Amino acid sequence: MKDNFKGLGIALVTPFCDDGSVDYAALTRIIDYQIANGADFFCILATTGEIPTLTEEEKSSIRKHVINAVAGRTPILIGCGGNNTAAVCEELRTADFTGIDGVLSICPYYNKPTQEGLYRHFCAISEASPLPIVLYNVPGRTGVNLTADTTLRLAADCDNIVAIKEASGNMTQILDILHRKPADFDVFSGDDALTLGMMKAGAVGVISVIGNALTERFATLVHLAQQGRYDEAMEIDRTLTDLYRLLFVDGNPSGVKEVMNQMGLLRNVLRLPLVPVTAKTAQDIKSSLEVLR
C-alpha cells in the first residue's frame, strides 16, 4: 500500500458550542478555510481533536461530517489506536472507512510495553487494517518511545505501515530513521517547531497543530521546504517561533483554540479536564498575532 499524504496535514480541532456540544457549522467553516489556505490533508479524531472526551456517537458523526465537508478535496487520515490491541484490531476489522484514506495509530499508552510488545501490537494492527497505517510516536503523552530500530523493523515487515508521525522531539532518533528507512516509508514531523529541520533531512511534511489557525503561513513554509527553498522557508519559520512555544505553554489544544478564537474561527470551549489558557498566555498570544499582521 502507498500513502497519499504529503505536505501540510492538519491535526484537526473539534470546535464546541457554548453548551459543550460539537459545533458542526464551525467545523465546516474551519475545513473550508484550511483547504482554501493550503492544507494538503486532514488528520481527524486524534489528540488535537480532544478524542478522549468524545462519545462513540460523536466520533461517528464527526467522521461523516468531515468526509462530507472535505468532499474529496484532500485525503483524510483518521485516528485509530489504543492500549488494547484486540479492541483496536476489532475496530479496524468492523468500522466503515468509506471516505477515509489512512489510519493514524498511536503507541499504546499507560501499559508501557517493551519494544517487542510494540512491534507485535503494530503487526496485529497491520494485519487487521484495510487501510495504510501511519504510526504515531509521542512518548510525552504515551509514556513509551517507539525506537528507531522498532520503527524500521515495522517498516520492513509490514507492507501497509507506510509512514510515521514522529513527535518524540529526539532529533538523533528521527535522523536515524530518516537515514535508514526504506525508500517507500515516509516520515512526518509531529512537532511544528521541528518541521523545517526534519524536512531538510528528508521528512515529507507535518501533521500540524499551528496549521489549524495560521494555515496559509504554515502551508507556505511547508511547500517552500518541499521545493528545497529552505532559506525562504526559514524566514517564515522565524516569524512563528513565539507561537510554536505559546501553543503548548498551557497544553494542546488549549493554545491553538485560543489562537483560533482570537481569529474568529471558533468559540474558546474545551471539554474537561482541558481548560482554556491563562489570561497571561492569552495576552501573549494576542501580542504575537499582532506582530504577524
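Above: the structure in question.
Residues numbered from 1 in each chain as written. Predicted model: local features only at pLDDT ≥ 70, side-chain atom pairs only at ≥ 80, totals over all residues. Heavy atoms only, no water.

Q: So, the environment of Thr-48: which residues are in play, and what are the values?
A: Tracing the backbone shows Thr-48 in the loop between strand 2 (41-44) and helix 2 (56-70). Sequence separation between Thr-48 and Ala-11 is 37 residues; the distance between their C-alpha atoms is 5.9 Å. Residue contacts for Thr-48: discarding those within four places in its chain leaves Ala-11, Leu-12, Val-13, Thr-14, Val-209, Asn-212, Asn-252, Pro-253 and Val-256. A distance of 3.0 Å separates a polar atom in the side chain of Thr-48 from a polar atom in the side chain of Asn-252. (Helix = DSSP H or I, 4+ residues; strand = E, 2+ residues; numbered from the N terminus. Contact = heavy atoms within 4.5 Å. Polar contact = N/O pair within 3.5 Å; in protein donor to acceptor, adjacent residues only side chain to side chain.)

Q: Can you break down helix 4 (residues 115-128) residue by residue, with the values?
A: A rise of 1.5 Å per residue sets the reference length of helix 4, with its 14 residues, at 20 Å; its end C-alpha atoms lie 20 Å apart and thus fit the reference within 8%. Along helix 4, the positions that sit buried rather than exposed are Leu-118, Tyr-119, His-121, Phe-122, Cys-123, Ile-125, Ser-126 and Ala-128. Along its buried surface, helix 4 packs onto helix 3 (85-94), strand 4 (102-106), strand 5 (133-137), helix 6 (148-157) and strand 6 (161-166). (Expected span 1.5 Å × (residues − 1). Buried < 20%, exposed > 50% of the residue type's maximum accessible area, 1.4 Å probe, protein only.)

Q: Give a description of the packing of helix 1 (residues 24-36) against helix 2 that names residues and reports values.
A: It is at 10 Å that the axes of helix 1 and helix 2 come closest, and there the two elements cross at 40°. Put simply, helix 1 runs oblique to helix 2. In this structure, the crossing between helix 1 and helix 2 has a hand that is right-handed. Across the interface between the two elements, Tyr-24, Leu-27, Thr-28, Ile-31, Asp-32 and Ile-35 of helix 1 pack against Glu-58, Ser-61, Ile-62, His-65, Val-66, Ala-69 and Val-70 of helix 2. (Axes fitted to C-alpha atoms, helices over the stretch in contact; angles between N-to-C directions. Parallel < 35°, antiparallel > 145°, perpendicular 65-115°, else oblique. Left-handed = near helix turned anticlockwise from the far one by under 90°.)

Q: A description of the pattern of salt bridges should follow, citing residues and the corresponding values.
A: Applying the stated criterion across every chain yields a total of 15 salt bridges. For Glu-116, the salt bridge goes to Arg-153, with nearest N and O atoms at 3.0 Å. Of this pair, Glu-116 sits in helix 4 while Arg-153 sits in helix 6, and the two are 37 residues apart along the sequence. When its relative accessible area of 31% is taken as the criterion, Glu-116 is described as partly exposed. A relative accessible area of 35% means that Arg-153 is categorised as partly exposed. Here the salt bridges share partners, and the residues they tie into one network are Asp-18, Asp-23 and Arg-267. (Salt bridge = Lys/Arg side-chain N within 4 Å of Asp/Glu carboxyl O.)

Q: Explain the environment of Cys-89 to me, using residue names and the numbers behind them.
A: Along the chain, Cys-89 turns up in helix 3. Along the primary structure Cys-89 and Glu-127 are separated by 38 residues, whereas in three dimensions their C-alpha atoms are 8.3 Å apart. For Cys-89, the residues in contact, after removing those within four places along its chain, are Ala-124, Ile-125 and Ala-128.

Q: So what about the sheet that holds strand 4? Which residues, and what values?
A: If you trace the eight strands once around the closed barrel, you get 1-2-3-4-5-6-7-8, paired in parallel fashion. Each strand of the sheet is rotated relative to its neighbour by a mean of 25°, with strand direction disregarded. One ladder, built from three bridges, connects strand 1 (residues 7-11) with strand 2; its direction is parallel. When the sheet's bridge partners are listed, Ile-10 is paired in strand 2 with Phe-42. Across the face of the sheet, helix 2 comes into contact with strand 2 and strand 3 (76-79) while running at roughly 170° to strand 3. (Pairing = 2+ DSSP bridges.)

Q: Can you break down the pairing of strand 7 (residues 186-189) residue by residue, with the values?
A: Burial of strand 7 is two-sided: the residues Asp-186 and Phe-188 facing one way and the residues Val-187 and Ser-189 facing the other way are all buried. Where strand 6 lies against strand 7, four bridges are found, and the strand directions are parallel. Within the sheet, the bridge partner assigned to Ala-163 lies in strand 7 and is Asp-186. After leaving strand 6, the chain enters helix 7 (residues 171-180) and then returns to the sheet as strand 7, a path that is right-handed. Relative to strand 8 (residues 205-208), strand 7 runs parallel, the two sharing two bridges. Note on strand 8: the bridge partner recorded for Ser-189 is Val-206. Following the chain from strand 7 across helix 8 (residues 195-200) to the adjacent parallel strand 8, one finds a crossover that is right-handed. (Right-handed = clockwise from strand over helix to strand, strands pointing away.)

Q: Provide a residue-level description of unusual backbone geometry, including the pertinent values.
A: Geometrically, the link from Asn-252 to Pro-253 is a cis peptide bond, its omega value of 10° lying close to zero. Checked against the element boundaries, Pro-253 lands in the loop between helix 11 (241-249) and helix 12 (254-262). The omega torsion of the bond from Leu-272 to Pro-273 falls at 15°, within 30 degrees of zero and hence cis. Within the chain, Leu-45 stands out as a residue other than glycine whose phi angle is a positive 55°. In this fold, Leu-45 is placed in the loop between strand 2 and helix 2.

Q: Explain helix 11 to me, and be specific about the residues and the numbers.
A: Residues three or four positions apart in an α-helix share a direction because the helix packs 3.6 residues into each turn. Of the residues making up helix 11, those classed as buried are Leu-243, Tyr-244, Leu-246 and Leu-247. Against helix 9 (215-226), helix 10 (230-239), helix 12 and helix 13 (279-292) lie the buried residues of helix 11. Directly after helix 11, the chain includes Gly-251, whose backbone phi takes a positive value near 95°.

None of the figures reported here should be taken as evidence of function without further support.
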